[in-house]
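One letter stands for each residue in the lines below.
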Amino acid sequence: MTDAQQAPPATSAPSATRAALRALTAALGPSKVATGDAMLPWSRDDSPYPSPLPDAVVHAASEDDVQTTIRIANEYNIPVVPRAGGTGRTGAALPLHGGIILATDSLSGIEEISKEDLTAVVRPGVVLGDLHAACTEMGLFYPPDPSSLGTCMLGGNVATNAGGPRAFLYGSTRSWLLGVDVITGGGERLVLGGKTRKRSSGYELSQLFAGSEGTLGVATRITLKLLPKPPETLTVAIWCRSDPGAAAVAATILAARFSPACLEFLDERTVDVVRGELVVPEGGRALLIAEFDGEGVEVIAERLGNLLSGLPDVCVVHAAVDPSRREALWGVRRALSLATRRVTRHKISEDVVVPRGSAGALLDDVARIGELHRVRHLTYGHAGDGNLHVNFLWNDEDEKPRVDAALDALFRATLARGGSLSGEHGIGIAKVPWFAAEHSATSRALQAAHKAAWDPKGILNPGKWAGGDRNHREC
Ligand SMILES: Cc1cc2nc3c(=O)[nH]c(=O)nc-3n(C[C@H](O)[C@H](O)[C@H](O)COP(=O)(O)OP(=O)(O)OC[C@H]3O[C@@H](n4cnc5c(N)ncnc54)[C@H](O)[C@@H]3O)c2cc1C
């Protein structure tokens, strides 16, 4: 795709914007179209990136509202940025070219949870934690569990292909997506997939939509696959004597044919940040948290206990089945984000992923990169599936060029190990400069052709990774 095709829609004549807002207000009613002073929160998400204010926020309450908004935006060439919970880490929901934020949080409600079909049909504005609670009440289970589950919404989860600790065993949101109703960027209604648990019939466009970050269409209804709720869950916190020791213990657990739902890792630097706020056992330097779902988890506990007791790298092990005790074992992981903010003024948190067996090598890369560029770092994340949250920390602005160099080196090292820029947060604006290093010219052209087919005028989420090659650089 050429730059000309990728250019954001030529909004920006203020007169066109004003005319579009008048048309939107007339079509939707003034209560659904906000403008003026209240725009500031909509130019932020949970990423550190700056953004201009949008020209308006449309609070869509129905599929018709979404379609009307897209139709008018096409007519006047105004950008539209779909938005759900606004917890994204990559700036994907920011209105880089102004225009309309299409807020889907009012497009909410769990329409159906079916025990018979093992499916849930939800609107995009349903908060993930509410779906979890509704499923649990019915003895059912929806596995994806990004740590933001109290505020992120299913529309955002589908659009980012969100993961979380349990993605190790169960996979990310895409693995649970059976169908999605979409209003495309061109304004067409599309019903993709449905409630069957399998289908082999043509291109599976719902799977393409997952992870498309609001660049192809707006999800208005989502059909998800469910499981029966596991009868029991065992959580095990394994304090290890060192980072390499923790890596060795993780490898030993997996080699012994355990199948944890998640296997989380906190490196020594991360543990140091929370030390003092929480009880860290004597000699405990790095931490693994493993969780097992199923029946008879006491058998797993015993077998795992036997294995761990023979490992010199293991310092202390705590295990729990009771929900409140299990939650306490997650305390260190939960305390992390706030504790890190207390020790540094700025941080950038990446979510690179490498093949599982290369996670230890990537940790070595991070140590080397931190030393070379003299940047403070800490790493935690999903050791089970090689998806590591590498954090670079800094206090003064004059350190920033070194942080940028470290970030570049991290992405290069990740790709050199056969990895990907993102395991779960997506590309957004954060990783646009490295996109071409992961995706060949042919792949980028194919992706651009999809974008053009779904969103011919390029009104949806312009300036992001699907916005063409201008911002991409070859490594
Ligand atoms: C404390 C914290 C912990 C986190 N932990 C995790 C984690 O463990 N795993 C993980 O994967 N992520 C995590 N995240 C990142 C974030 O929560 C996820 O990316 C989440 O899926 C974003 O959902 P949202 O509803 O906030 O979407 P938003 O931020 O509103 O939007 C994200 C993207 O989705 C698009 N979008 C939103 N709604 C729609 C729609 N209806 N149709 C089409 N596109 C749409 C937007 O345009 C944007 O591109 C975390 C974030 C925070 C703040």
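Residues numbered from 1 in each chain as written. Predicted model: local features only at pLDDT ≥ 70, side-chain atom pairs only at ≥ 80, totals over all residues. Heavy atoms only, no water.

1. Focus on helix α12 (residues 331–343)
- Given a rise of 1.5 Å per residue, 13 residues ought to cover 18 Å, and the 18 Å separating the end C-alpha atoms of α12 matches this to within 8%.
- Along α12, the sharpest change in direction is near 45° and occurs at S337.
- For α12, the complete set of buried residues consists of V332, R333, A335, L336, A339 and T340. (Helix = DSSP H or I, 4+ residues; strand = E, 2+ residues; numbered from the N terminus. Expected span 1.5 Å × (residues − 1). Bend = angle between axes of the 7 residues up to and from the residue. Buried < 20%, exposed > 50% of the residue type's maximum accessible area, 1.4 Å probe, protein only.)

2. Examining the nonpolar core
- Within the largest apolar cluster, 55 residues are counted, with the highest numbers of intra-cluster contacts made by I238, V249, L288, L308 and F392.
- At the level of secondary structure, the elements contributing two or more residues to this core comprise β12 (232–240), α8 (243–255), β13 (262–266), β14 (286–294), α10 (297–309), α13 (359–373), β18 (387–394) and α14 (400–416).
- Residue contributions to this core peak at 8 residues, all from α14.
- Discounting residues that sit within four places of it in the chain, F392 has contacts with H346, K347, I348, I369, V375, R376, H377, V403, A406, L407 and L410.
- Of all hydrophobic cores here, the second largest spans 29 residues; its members include L140, C152, V158 and V182. (Core = buried A, V, L, I, M, F, W, Y, C linked by side-chain atoms within 4.5 Å. Contact = heavy atoms within 4.5 Å.)

3. Quick notes on the domain arrangement of the chain
- What the domain assignment reports for the chain is domain 1 (3–106 + 437–464), domain 2 (110–228), domain 3 (232–335) and domain 4 (344–426).
- A straight line from the C-alpha centre of domain 1 to that of domain 2 covers 22 Å.
- Counting residues at the interface gives 23 residues for domain 1 and 29 residues for domain 2.
- For the pairing of domain 1 and domain 2, the buried interface totals around 2,100 Å² over both sides, and the portion due to carbon and sulfur atoms is 65%.
- In terms of surface lost to domain 2, no three residues of domain 1 exceed E63, Q67 and W454, which account for 37% of the buried area on that side.
- Here domain 1 and domain 2 share 2 salt bridges between them. (Domains from an automatic or database assignment. Buried area = accessible area lost by both parts, 1.4 Å probe. Salt bridge = Lys/Arg side-chain N within 4 Å of Asp/Glu carboxyl O.)

4. Focus on helix α2 (residues 14–28)
- With 15 residues, α2 ought to run about 21 Å at 1.5 Å a step, and its terminal C-alpha atoms sit 21 Å apart, in line with that.
- Of all the residues in α2, the buried ones are A16, T17, A19, A20, L21, L24 and L28.
- One or two positions beyond α2, positive phi appears at G29, with a value near 95°.

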